Amino acid sequence: MDIFYPKKRRIMQLLILAVLTVFFAITPAAQADMVQVGEPIVTPGWDLSLPSIAETYKDYFMIGNVMSTYQTTDGELTAMYKHHYNLVTAENDMKPQYLSPVKGLYYFINADTLIRWAEANNIKVHGHTLVWHSQSAAWLTTGADGNPLTRAEARANMEEYITNVAGHFRGKVISWDVVNEAFADGSGLPADWKDALRKDSPWYLAYENGADQSKGESGADYIYDAFVFTRLTDPEATLFYNDYNETDSWKREAMAMMAEELNAKWKTDKRNTQPDRLLIEVLGMQAHYWTASLNVYAVEAAITRFIKAGVKVAVTELDIPYGSWTNQHSTPLTEEEELLQARLYAQLFKVYKQYAPHIERVSFWGKADSQSWRAKGSPLLFDRTFAAKQAYYAVIDPEGFLRANP
Ligand code: G3I
């Protein structure tokens, strides 16, 4: 074996060293996505002989997921989607940044493609999202100098935007996330929900600029306006407020108090022609959880608080990556980890079923672990090869799953 000649051996050593250096320089996340040595290469494929999730829950609530326009040409994905889901949310294509990047310009082509795909496949569409501090063009709220527009300017822009967008999709969407994530991160239990708002939201800042405090005006007023403009533009659509960490006691209180106050205000608003109908009809629980911190009792507490506020509840963006915010996971799940995650899915769906008359729908935020915004934590029901995980079986039969896996 001539590799034992010193010079060649040195070259081999250097080569091996180079390969190892490259391998360890790759992030753990990327390694997690790489095929392991000895692992068979599996071409991802959906198994449509599995029971449909939507069919399983047809007597309880709708079952949704997300799509992006570029995925609509994928026939196998479409067949899977029709099999398991009856509602779709655009993961990104209906966000303000994409629909109207510049004042006066509306770019509906991608969203319209997604809507046509949904119509062709008999899938309902939920609009996401009209008013948000993130992924929104500056023209709505901020001047060329970077300073907030005045309250009056921002209000006029909001009315223009919502009239155009909700008007364009009227009759095509069944519901809207009218306002998304208005509350700040980490706050105490507020005496007034307005105190817990995200005060650095461009919408808040603009509405504050020119607010007459002697009349009780504040930056918070953008929320009521957004709901009213949407109701007046598309009276058929069900209107949602949508947020994350909805299981934190302060945030669930703030969300409930906001819905109670704004719904009471709408009752006596002269523009209201349907006095028996609420303005904020659904509180959306994004349900972006972690296996390490998900407390199913807190989920139930939020659902019951929202019901007490008189509104319906929707689970809008469900995923449960393994690990925690401070200790994120980045390798494929072991059997035990998958089982732990699946038990949480089962416990959640048991609670959802219990409150089904109050739950409009449950939507997942991703179709397979490899297609998730939190892919590292393997958060979904189907793995990177699109095979059903324990979590899928937990969702299909939560009670049976918990009996078998106490
Ligand atoms: O489309 C561009 C592409 O052209 C570009 O090359 C690439 C480079 O980074 O970016 C692509 O855009 C990305 C977009 O997703 C589409 O893939 C953005 O960078 C990325 O920021 C964006 O992330 C989305 C995120 O919202 C943005 O806030 C996620 O896909 C989406 O899942 C996530 O969804 C949000 C909900 O709307 C609200 N609730 C929280 C949830 C998770 O963050």
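Asker: Mind laying out the overall build of the chain, listing which residues take part and the relevant values?
Answerer: If you tally the helices and strands in the chain, you get 14 helices and eight strands. Radius of gyration (C-alpha) of the chain: 24 Å, near the 22 Å computed for a compact globule of 406 residues. For the chain, the spread of C-alpha atoms along the principal axes amounts to about 90 × 55 × 45 Å. Among the 406 residues that make up the chain, the fraction classed as buried is 52%. Put simply, of all contacts in the chain between residues at least 6 apart along the chain, 76% involve residues at least 24 apart.

Asker: Explain the side chain of Q341 to me, using residue names and the numbers behind them.
Answerer: Tracing the backbone through its elements, the reader meets Q341 in helix α12 (residues 335-354). Classification of Q341 as buried rests on a relative accessible area of 0%. At 3.1 Å, the side chain of Q341 and the side chain of K389 are in polar contact. In this structure Q341 touches T291, I320, L333, G377, S378, P379, L380, K389 and A391, once residues within four positions along its chain are discounted.

Asker: Which residues make up the environment of L197, and what values go with them?
Answerer: As for its placement among the helices and strands, L197 is situated in the loop between β4 (175-180) and α8 (202-208). Taking the C-alpha atoms as reference points, L197 and L87, 110 residues apart in sequence, are found 30 Å from one another. Apart from residues no more than four positions distant in its own chain, L197 is found in contact with A182, F183, A184, Y204, A220 and I223.

Asker: Any chance you could break down the site of the ligand for me, citing the residues and the numbers?
Answerer: Taken together, 14 residues lie around the ligand, and E91, K95, H128, E317 and W365 are the ones closest in. Interatomic distance of 2.9 Å between a side-chain N/O atom of Q135 and an oxygen atom of the ligand. Within the side chain of E317, one N or O atom sits 2.7 Å away from a nitrogen atom of the ligand. Coverage of the ligand by the protein chains reaches 47% of its 780 Å² of free accessible surface. The residue inventory of the shell around the ligand, partitioned by class, reads four nonpolar, six polar and four charged.

Asker: Give a description of helix α7 (residues 151-168) that names residues and reports values.
Answerer: Turn by turn, an α-helix covers 3.6 residues, leaving residues three or four places apart pointing in a common direction. For α7, with 18 residues, the first-to-last C-alpha span of 25 Å sits near the 26 Å given by 1.5 Å per residue. Along α7, the residues classified as buried are R151, A154, N157, M158, Y161, I162, V165 and A166. Projected down its long axis, α7 shows its buried positions confined to an angular sector of 130°, all on one face.

Asker: Describe the packing of helix α9 (residues 221-233) against helix α10 (residues 249-267), naming the residues involved and giving the relevant values.
Answerer: Two numbers describe how α9 lies on α10: the axes approach to 11 Å, and their chain directions differ by 55°. Here α10 runs oblique to α9, going by the angle between their axes. Judged by the twist between their axes, the crossing of α9 over α10 is right-handed. Across from I223, Y224, V228, R231 and L232 in α9, the residues of α10 making contact are M258, L262, K265 and W266. Of the residues assigned to the contact of α9 with α10, the class counts are seven nonpolar, no polar and two charged.

Asker: Now, about the packing of aromatic side chains: what can you tell me, with residues and values included?
Answerer: With the rule as written, the count across this model stands at 21 aromatic pairs. Here W46 and F386 contribute two aromatic rings whose centre-to-centre distance is 4.3 Å and whose plane-to-plane angle is 10°, an arrangement assigned as stacked. Within this pair, whereas W46 is found in the loop between α2 (28-33) and α3 (53-56), its partner F386 is found in the loop between β8 (359-364) and α13 (390-396), the two being separated by 340 residues in sequence. There is no split in this pair, since W46 and F386 are both buried.

Asker: Account for the layout of surface pockets, with residues named and values stated.
Answerer: Roughly 770 Å³ of volume is contained in the largest pocket. Forming the walls of the largest pocket are 30 residues, and the residues nearest its centre are Y244, N245, H288, W290 and R374. The class makeup of the residues in the lining of the largest pocket is ten nonpolar, twelve polar and eight charged.

Asker: Pulling in residues and values, what's your account of the pattern of salt bridges?
Answerer: In total, this model carries 18 salt bridges according to the counting rule given. The closest approach of N and O atoms between D212 and K215, which form a salt bridge, is 4.0 Å. Residue classification places D212 among the partly exposed positions, given a relative accessible area of 27%. Residues joined by salt bridges that share partners form a network here, namely R151, E217 and D221.

Asker: Help me get a handle on the pairing of strand β2 (residues 87-90), residues and values and all.
Answerer: Burial along β2 is two-sided: the residues L87 and T89 and V88 and A90 are all buried. Of the strand pairs in this sheet, strand β1 (residues 62-67) and β2 are connected by four bridges, and their pairing is parallel. Of the residues in β2, the one forming a bridge with M67 is A90. Handedness of the β-α-β unit built from β1, helix α4 (residues 75-84) and β2 comes out right-handed. Of the pairings in the sheet, the one linking β2 to strand β3 (residues 124-132) comprises three bridges and is parallel in character.

Asker: Any details on the sheet that holds β1? Residues and values, ideally.
Answerer: Hydrogen bonds along the backbone pair up the strands of a sheet, which may run parallel or antiparallel. Ordered in space as β1-β2-β3-β4-β5-β6-β7-β8, the eight strands form a closed barrel in which the pairing is parallel. The average undirected angle you get between the axes of adjacent strands in this sheet is 30°. Sheet analysis places strand β5 (residues 238-243) next to strand β6 (residues 282-285), joined by four bridges and oriented parallel. Of the residues in β6, the one forming a bridge with Y241 is L283. Along the sheet face, helix α6 (residues 109-120) touches β1, β2 and β3 and points at about 175° away from the line of β2.

Asker: Please give an account of the nonpolar core that cites residues and values.
Answerer: Core analysis: the biggest nonpolar cluster contains 113 residues, and W176, L318, Y345, F349 and Y352 have the highest contact counts within it. In terms of residue count, the dominant contributor to this core is α10 (nine residues).

The rules behind the values
- Residues numbered from 1 in each chain as written.
- Predicted model: local features only at pLDDT ≥ 70, side-chain atom pairs only at ≥ 80, totals over all residues.
- Heavy atoms only, no water.
- Helix = DSSP H or I, 4+ residues; strand = E, 2+ residues; numbered from the N terminus.
- Rg over C-alpha atoms; globule rule 2.2 N^0.38 Å.
- Buried < 20%, exposed > 50% of the residue type's maximum accessible area, 1.4 Å probe, protein only.
- Contact = heavy atoms within 4.5 Å.
- Polar contact = N/O pair within 3.5 Å; in protein donor to acceptor, adjacent residues only side chain to side chain.
- Near = heavy atom within 4 Å.
- Areas by Shrake-Rupley, 256 points an atom, 1.4 Å probe, with all protein chains shown as cover.
- Nonpolar A, V, L, I, M, F, W, Y, C, P; charged D, E, K, R; others polar.
- Expected span 1.5 Å × (residues − 1).
- Arc of directions from axis to C-beta.
- Axes fitted to C-alpha atoms, helices over the stretch in contact; angles between N-to-C directions.
- Parallel < 35°, antiparallel > 145°, perpendicular 65-115°, else oblique.
- Left-handed = near helix turned anticlockwise from the far one by under 90°.
- Phe/Tyr/Trp six-rings, centres within 6.5 Å; stacked < 30°, edge-to-face > 60°.
- 1 Å grid on protein atoms, 1.4 Å probe; cavity = no way out; pocket = protein on both sides within 12 Å on 5 of 7 lines; lining within 4 Å.
- Points joined across faces, edges and corners; volume = space filled by probe spheres on them.
- Salt bridge = Lys/Arg side-chain N within 4 Å of Asp/Glu carboxyl O.
- Pairing = 2+ DSSP bridges.
- Right-handed = clockwise from strand over helix to strand, strands pointing away.
- Core = buried A, V, L, I, M, F, W, Y, C linked by side-chain atoms within 4.5 Å.

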